[in-house]
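# Results of the structural survey
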Protein chains: 2
Amino acid sequence: MKELIDNIQAIQVESPVDKIIRQLKQLIVSGQLKPGDRLPAERALSEKFGVGRSYVREAILKLEFYGLLKTNPQSGTYVSGLGIKVIDSLITDIIKFNKDDFSAMVEARYYLELDSVRLAAERKSSEDIEAIEQAMNDYEAKVNNGESAVEEDMLFHVMIARATKNSVIESMILNLIPDLIKHITENKICGDNRGKAAIEEHRAIFEALKAGDIDAAENAMAGHLDEILQISRADFAAKLLINNS
Amino acid sequence: MKELIDNIQAIQVESPVDKIIRQLKQLIVSGQLKPGDRLPAERALSEKFGVGRSYVREAILKLEFYGLLKTNPQSGTYVSGLGIKVIDSLITDIIKFNKDDFSAMVEARYYLELDSVRLAAERKSSEDIEAIEQAMNDYEAKVNNGESAVEEDMLFHVMIARATKNSVIESMILNLIPDLIKHITENKICGDNRGKAAIEEHRAIFEALKAGDIDAAENAMAGHLDEILQISRADFAAKLLINNS
DNA sequence: TCTCCATATTTGGTAAACCAATTATTTGGT
DNA sequence: ACCAAATAATTGGTTTACCAAATATGGAGA
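First, a word on what this report is: a plain description of the structure on this page. Model, not experiment: these values are computed from the prediction.

### Some details on the pattern of salt bridges
Evaluation of the coordinates by the stated rule reveals 32 salt bridges over all chains. As a salt-bridge pair, Glu42(A) and Arg57(A) come within 3.1 Å of each other at their nearest N and O atoms. With Glu42(A) in helix 3 (residues 42-49) and Arg57(A) in helix 4 (residues 53-65), this residue pair connects regions lying 15 residues apart in the sequence. Residue Arg57(A) is classed as partly exposed on the basis of its relative accessible area of 45%. As a salt-bridge pair, Glu170(B) and Arg162(B) come within 2.9 Å of each other at their nearest N and O atoms. Under the relative-accessibility criterion, Arg162(B) is labelled partly exposed at 26%.

### What about the protein's contact with DNA strand D?
The environment of DNA strand D is formed by 19 residues, the closest being Arg53(A), Arg57(A), Gly52(B), Ser54(B) and Tyr55(B). The separation between a sugar or linking oxygen of DNA strand D and a polar main-chain atom of Gln74(A) is 3.4 Å. One of the backbone nitrogen or oxygen atoms of Gly52(B) is found 2.5 Å away from a phosphate oxygen of DNA strand D. Listing elements by their share of the surface near DNA strand D, those giving two or more residues are helix 3, helix 4, strand 1 (69-72) and strand 2 (76-79) of chain A together with helix 4 (53-65) of chain B.

### Focus: helix 8 (residues 150-163) of chain A
All names here are of chain A. The end-to-end C-alpha distance of helix 8 is 21 Å, a good match for the 20 Å that 14 residues give at a rise of 1.5 Å each. The buried fraction of helix 8 amounts to 13 of the 14 residues, a majority that puts the element mostly inside the structure. At the exit of helix 8 stands Lys165, carrying a positive phi of roughly 65 degrees.

### Some words on the packing of helix 8 (residues 150-163) of chain B against helix 9 (residues 167-187) of chain B
All names here are of chain B. Look at helix 8 against helix 9: their axes get within 10 Å of each other, and the N-to-C directions meet at 170 degrees. Our classification of the angle between helix 8 and helix 9 gives roughly antiparallel. Between helix 8 and helix 9, the residues in contact are Val150, Glu151, Met154, Val158, Ala161 and Arg162 and Glu170, Ile173, Leu174, Ile177, Leu180, Ile181, Ile184 and Thr185, respectively. Along the lines of polarity and charge, the residues of the contact of helix 8 with helix 9 split into 10 nonpolar, one polar and three charged.

### Observations regarding the relation of the copies chain B and chain A
The operation relating chain B to chain A is a screw motion whose rotation component is 180 degrees, with 0.0 Å of axial translation and a residual RMSD of 0.3 Å. Here the symmetry operator amounts to a two-fold rotation axis. A shared interface surface links the copies, since 98% of the contact residues of chain B are contact residues in chain A too.

### Topic: the protein's contact with DNA strand C
The environment of DNA strand C is formed by 19 residues, the closest being Gly52(A), Tyr55(A), Arg43(B), Arg53(B) and Arg57(B). What you see for DNA strand C is that sugar and phosphate hold 58% of its atoms within 4 Å of the protein. Contact between DNA strand C and Glu42(B): a phosphate oxygen at 3.1 Å from a main-chain N or O atom of the residue. Those elements giving two or more residues to the surface near DNA strand C turn out to be helix 4 of chain A together with helix 3 (42-49), helix 4, strand 1 (69-72) and strand 2 (76-79) of chain B. Broken down by element, the surface near DNA strand C gets its largest block of residues, three residues, from helix 4 of chain A. Across the surface near DNA strand C, the residue classes break down as four nonpolar, nine polar and six charged.

### With respect to the packing of helix 6 (residues 102-123) of chain B against helix 8 of chain B
For any two helices packed against each other, the geometry comes down to the angle between their axes and how far apart the axes lie. Residue and element names in this part refer to chain B. Axis separation between helix 6 and helix 8 bottoms out at 7 Å; the angle between their running directions is 55 degrees. Classified by the interaxial angle, the pair formed by helix 6 and helix 8 is oblique. Considering only the axes of helix 6 and helix 8, their crossing is left-handed. Between helix 6, through Arg109, Glu113, Ser116, Val117, Ala120 and Arg123, and helix 8, the contact on the second element is made entirely by Met154, His157, Ile160, Ala161 and Ala163. Looking at the contact of helix 6 with helix 8 residue by residue, the classes come out as six nonpolar, two polar and three charged.

Rules and cut-offs
- Residue numbers restart at each chain and count upward from 1, following the sequence in its written direction.
- Ligands are numbered from 1 and chains lettered from A, in the order in which they are written.
- Given that this is a predicted model, residues contribute local features only at a pLDDT of at least 70 and side-chain atom pairs are listed and counted only at 80 or more, while totals for whole chains, interfaces and linings are drawn from all residues.
- Based on all heavy atoms of the structure, the side-chain values leave hydrogens and waters out of the count.
- Basic side-chain nitrogens of Lys or Arg form a salt bridge, by our definition, when they fall within 4 Å of a carboxyl oxygen of Asp or Glu.
- The helix and strand labels rest on DSSP assignments: H or I over at least four residues marks a helix, E over at least two residues marks a strand, and numbering proceeds from the N terminus.
- Each residue is placed in one exposure class: buried if its accessible area under a 1.4 Å probe, protein chains only, is under 20% of its type's maximum, exposed if it is over 50%, and partly exposed if it falls in between.
- Being near a molecule or strand, for a residue, comes down to having at least one heavy atom within 4 Å of it.
- In protein, a polar contact requires one atom able to donate a hydrogen and another able to accept it; more generally it is a pair of N or O atoms within 3.5 Å, and residues adjacent in sequence count only if both atoms are side-chain atoms.
- Any helix carries an expected span of 1.5 Å times its number of residues minus one.
- Only the stretch in contact is used when fitting a helix axis, every axis being a line fitted to C-alpha atoms; angles between N-to-C directions are given from 0 to 180 degrees.
- If an angle is under 35 degrees, it is roughly parallel; if it is over 145, roughly antiparallel; if it lies from 65 to 115, roughly perpendicular; otherwise it is oblique.
- Two residues qualify as a contact provided that any one of their heavy atoms is within 4.5 Å of a heavy atom in the partner residue.
- Three residue categories are used. Nonpolar comprises Ala, Val, Leu, Ile, Met, Phe, Trp, Tyr, Cys and Pro, charged comprises Asp, Glu, Lys and Arg, and polar comprises the others, including Gly.
- Copy-to-copy alignment: least squares on C-alpha atoms, limited to residues at pLDDT 70 or above in both.
- Helix crossings are classified by the rotation of the near helix relative to the far one: an anticlockwise turn of less than a right angle makes the crossing left-handed, while a clockwise turn makes it right-handed.

Laid out in structure tokens, this is it:
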């Protein structure tokens, strides 16, 4: 029953934008559009694809965000100079990118946070330490008050990421956070005792960071994130079983 | 002199979209718009901000991508349930995110690739090995032919990322690639002998991957990426000097 | 007074129209 | 035949108008 409903919904979800991106990809891999070429005008594309120009613009915007197109005002939109294979790979990935793969997100977060905490231990300033400590205290206050503190937890990690002085790593972690919070809250992944245990783990991370002990910080972070990683991987395995049944 | 020119240009480049995002942020942090609330209608916002609805939609789209807003068709757009602090952090980061910080990109890539190759060594299938080997051969052929092969190099790394079976990590690496290619090509970061040396390094990575030797794969990858990381960090230091002079 | 259905309004989704800047073309002069 | 200036056509940027679905409203019936 459940699968049937899921399938019905799943079929219709291909948005006009994805459809356009798929067609553009086809134009490129079939050689009708070579790297460096100028795209047909937006009007021409919208007519050819049978959709409004808004969608064409949206699709171009998305591909531009990923560095595959470059549009010059009053001139035209150009395909990047990348090779066809790279473009093919990238577009395929953009289309199939799915934020619902939580186990992949949790796992990616796990490794990112280990990298993050190592860099932070190396580069933190005294202001960073203050900000991290503040976030840690906010978390503890809420937990000791019996409240849920998922967001305060995340903020603690964001402050660590900020201390890396690497805006790209910080952005990557930040991008994962809203979905992680949603997933953790909805699935009640953390038991009641988790919050209390996390307090000690946070302190261990903080102390190692403050002392600049890179390996200790990584170990503390790994211990802190290990449980949720294991749960997530178990969830993933369970999901596989259901889908394959 | 230089700074003055930079400032003049910097003032006018704030796109309408960023302006809107900034205002939305202000609405939220000032408490006029609380987490969970519904945004004013797009028309109302466009009128209030004195700009076309397209821009409002574009801004909403961007914030939705980052998980801060959720728009339900024919109903409205809602602020995520995250706390004000988290939302504030995220929006600040979205606005200031700058793809021009190449040293941060190279560094992020360095750590991502180490994680990637470890997972790949653990999880690779025989098809993955084939794809990686194919990419490696393509690269070698071009280099031996005296041609530039930056893209083939990247493709080799993409195939490794794909073997991790983690779509999030794969996406993160893919997102970095277009800008990395651009930067490497423009600045001619790789000397002529680099291409030849990379062939051996690729082979070392490949053999370790094929054998499933996780640590060897990581070491080989670290050696492969170390040079470009060092160059990038030197560039970064030099830039700092110039800007501070 | 409460419930329920018809209707009016508001929503985001979509398409079309308008604009200024750029580029291509023509045309007039040399 | 060639060059230069005027003009026509095309570009992406921006705004506006229209649509179907969802929601709020309000009045009729119980």
